[in-house]
Amino acid sequence: MNTLRKLNSLPPLRSVGGAYRLFAGKDQKKDSVGQKSRQPEKPQDKQKSKASGKARSAGSTDSAKKSTKVTLINGEGVGRELMDAVQEVICAVKAPIEWDVHDEFKAKDSDDVSPEVLKSLRANKVGIKGPVDSRHWQRQIRKQFAQFAYVSLCSHIEGLDSPYGDFDVVIIRDQMEGDYSGIEHLVVPGVMQTIKVSTTAGAARIAEFVFNYAVKNKRKRITVAHKANIMRMTDGNFLEAMRAEADKHVDDVLFEERYLDTCILKILLKPHKCDVMVSSSMYGDVLRVIAGGMMGVPGICPGYSVSSLGTVFDCRMKACHALAGKDLANPTGPLLSAALMLRHVKMDKQADQVDCAIRKVYKDTDIRTPDVGGKAKCSEFVKAVCDCL
């Protein structure tokens, strides 16, 4: 069996730079089958070929200088000041980003997602958002924009007090199915029911994404958190999809199965041994909050939602309406998410600069917002980051 697996395994990995290189959500492989073979150049066509090559080169250079349009959703509560911080830092690092800003993110007279926001996201293929507390709105944008997975990148920030040491964990969770499918009803008065959904197609989709992410980002271990011993059909279906995908990558990634409670224990006691953790919706949410708390506070763990239509970056912060306008919100999570966004749009140099500047402020200064034990204002932290840039 091992011999057969090796014969079916993928070719050796390509090197991919950057620990936080994002999976773009599209199949990047080129299909050589069916492509027309290039005809050999005739001697008289060589000059034309050179000229056209120069033109293509000049065109690609001009394209590289063009700005990338990004949808920016301010959200509510402290959202506006956090998104202002993102724009200020992106400006400081001189990244060619053109913002399509949306103050109004809800449809008129309802909590649905604004049609303008959806139109902008579909056109730009990339967005970044501030906090939105409305559960209905969050469910709507997931369904309308087909955001099937959420990726959290949780790592230790030197300078922030933490008993967990150095760690670097990626948590990927389903967003469309599982306990968060949003199907509830009243059976009889006094008896309510929530339906947990797991489809073969949905489980296979996220399994494929997880393994492709691991290979692309040179991650070596995938741990699936489940309770298939209790929920044999739903969690069992999710687990089977992961097993099927693991068989395709047997020589590339180590795959292991663990009960949810065991995974929680492991990430708390031995976080340095955790790499990529994947689960259905509710389990992944629990792991994400725990890992964020290990960083300092849950709101500073950056992440993004994955869709075939595009990618939306956010850190799942609360809107904190009581802090709105007081310049006390912690911009770390949105700024780290902005760094991920820059890497996603191939601005790796600026992404590295932003990420390093944030970590340098924590490592070399005592500038902290109140939520992590400091006395600095949001604007003071942002200024310190810009000064590093």
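Residues numbered from 1 in each chain as written. Predicted model: local features only at pLDDT ≥ 70, side-chain atom pairs only at ≥ 80, totals over all residues. Heavy atoms only, no water.

- Per an unreviewed UniProt entry, the protein chain is named isocitrate dehydrogenase (NAD(+)), and its organism is Drosophila simulans.
- One UniProt comment on the protein chain, placed under Sequence similarities (unreviewed entry), says "Belongs to the isocitrate and isopropylmalate dehydrogenases family." (UniProt positions renumbered as here; feature names shortened; annotations may be inferred.)

**Here's the deal with the packing of helix α3 (residues 79–92) against helix α12 (residues 378–388)**
And step 1. Where α3 contacts α12, the two axes come as close as 9 Å, and the packing angle between them is 15°. When the interaxial angle is binned, α3 and α12 end up roughly parallel. Here the hand of the crossing between α3 and α12 comes out right-handed. Between α3, through A85, E88, V89 and A92, and α12, the contact on the second element is made entirely by V382, V385 and C386.
And step 2. Grouping the amino acids of the contact of α3 with α12 by side-chain chemistry returns 6 nonpolar, no polar and 1 charged. (Axes fitted to C-alpha atoms, helices over the stretch in contact; angles between N-to-C directions. Helix = DSSP H or I, 4+ residues; strand = E, 2+ residues; numbered from the N terminus. Parallel < 35°, antiparallel > 145°, perpendicular 65-115°, else oblique. Left-handed = near helix turned anticlockwise from the far one by under 90°. Contact = heavy atoms within 4.5 Å. Nonpolar A, V, L, I, M, F, W, Y, C, P; charged D, E, K, R; others polar.)

**Some details on the state of the cysteines**
Joining two cysteines, a disulfide is a covalent bond between their sulfur atoms.
And step 1. Under the defined criterion, the tally for this structure stands at 0 disulfides.
And step 2. Between C91, a cysteine without a disulfide, and C386, which holds the nearest cysteine sulfur, the sulfur-to-sulfur distance is 8.2 Å.
And step 3. On the basis of relative accessible area, C91 is assigned to the exposed category, the value being 59%.
And step 4. Looking at C315, it has no disulfide partner, and the nearest cysteine sulfur is the one in C301, 8.5 Å off. (Disulfide = S-S within 2.5 Å. Buried < 20%, exposed > 50% of the residue type's maximum accessible area, 1.4 Å probe, protein only.)

**Considerations on the pairing of strand β11 (residues 303–307)**
And step 1. For β11, the buried fraction is high: 5 of the 5 residues fall into the buried class.
And step 2. Both faces of β11 are covered, namely the face carrying G303, S305 and S307 and the face carrying Y304 and V306.
And step 3. Sheet analysis places β11 next to strand β12 (residues 310–314), joined by 5 bridges and oriented antiparallel. Bridging across to β12, S307 finds its partner in G310.
And step 4. Counting the residues between successive antiparallel strands, the hairpin from β11 to β12 contains 2 residues. (Pairing = 2+ DSSP bridges.)

**Topic: the sheet that holds strand β10 (residues 276–279)**
And step 1. Here 10 strands make up an open sheet; going across it, the order is β2-β1-β3-β12-β11-β4-β5-β10-β8-β9 and the pairing mixed. The sheet is open, and its two borders are formed by β2 (97–102) and β9 (254–259), each paired with just one other strand. Averaged over neighbouring strand pairs, the angle between their axes works out to 25° when direction is ignored.
And step 2. Those strands touched by α3 are β1 (68–73), β2 and β3 (126–129), and its axis lies near 165° from that of β2.
And step 3. Across the face of the sheet, helix α4 (residues 115–124) comes into contact with β1, β2, β3 and β12 while running at roughly 155° to β1.

**Thoughts on the pattern of salt bridges**
And step 1. Within this structure, the stated rule accounts for 21 salt bridges.
And step 2. Notably, a salt bridge pairs K106 with D111, separated by 3.2 Å at the nearest N-O pair.
And step 3. You can call K106 partly exposed: its relative accessible area is 27%.
And step 4. Between R288 and D285 there is a salt bridge whose closest N-O contact spans 2.9 Å. One end of the pair is R288 and the other is D285, both in helix α9 (residues 281–295) and 3 residues apart, which spans about a single turn.
And step 5. Assessed through its relative accessible area of 11%, R288 is described here as buried.
And step 6. Residue classification places D285 among the buried residues on the basis of a relative accessible area of 14%. (Salt bridge = Lys/Arg side-chain N within 4 Å of Asp/Glu carboxyl O.)

**Things to note about the nonpolar core**
And step 1. Formed by 90 residues in total, the largest nonpolar core has its most connected members in I97, I222 and M242.
And step 2. Ranked by the residues each element gives to this core, the list is headed by helix α6 (residues 200–216), at 9 residues.
And step 3. Residues contacting M242, with those up to four places away along its chain left out, are A207, V210, F211, I222, V224, F255 and V278.
And step 4. By size, the runner-up hydrophobic cluster in this structure holds 11 residues, among which are F105, L121, I141 and V312. (Core = buried A, V, L, I, M, F, W, Y, C linked by side-chain atoms within 4.5 Å.)

**So, α3**
And step 1. For α3, which comprises 14 residues, the first-to-last C-alpha distance of 20 Å matches the rise-based estimate of 20 Å (1.5 Å per residue) to within 8%.
And step 2. Within α3, burial applies to G79, E81, L82, M83, A85, V86, V89 and I90.
And step 3. Residues of α3 that are buried sit in contact with β1, β2, β3, α10 (332–344), α11 (348–364) and α12.
And step 4. Count one or two residues on from α3 and you reach K94, which has phi positive near 60°. (Expected span 1.5 Å × (residues − 1).)

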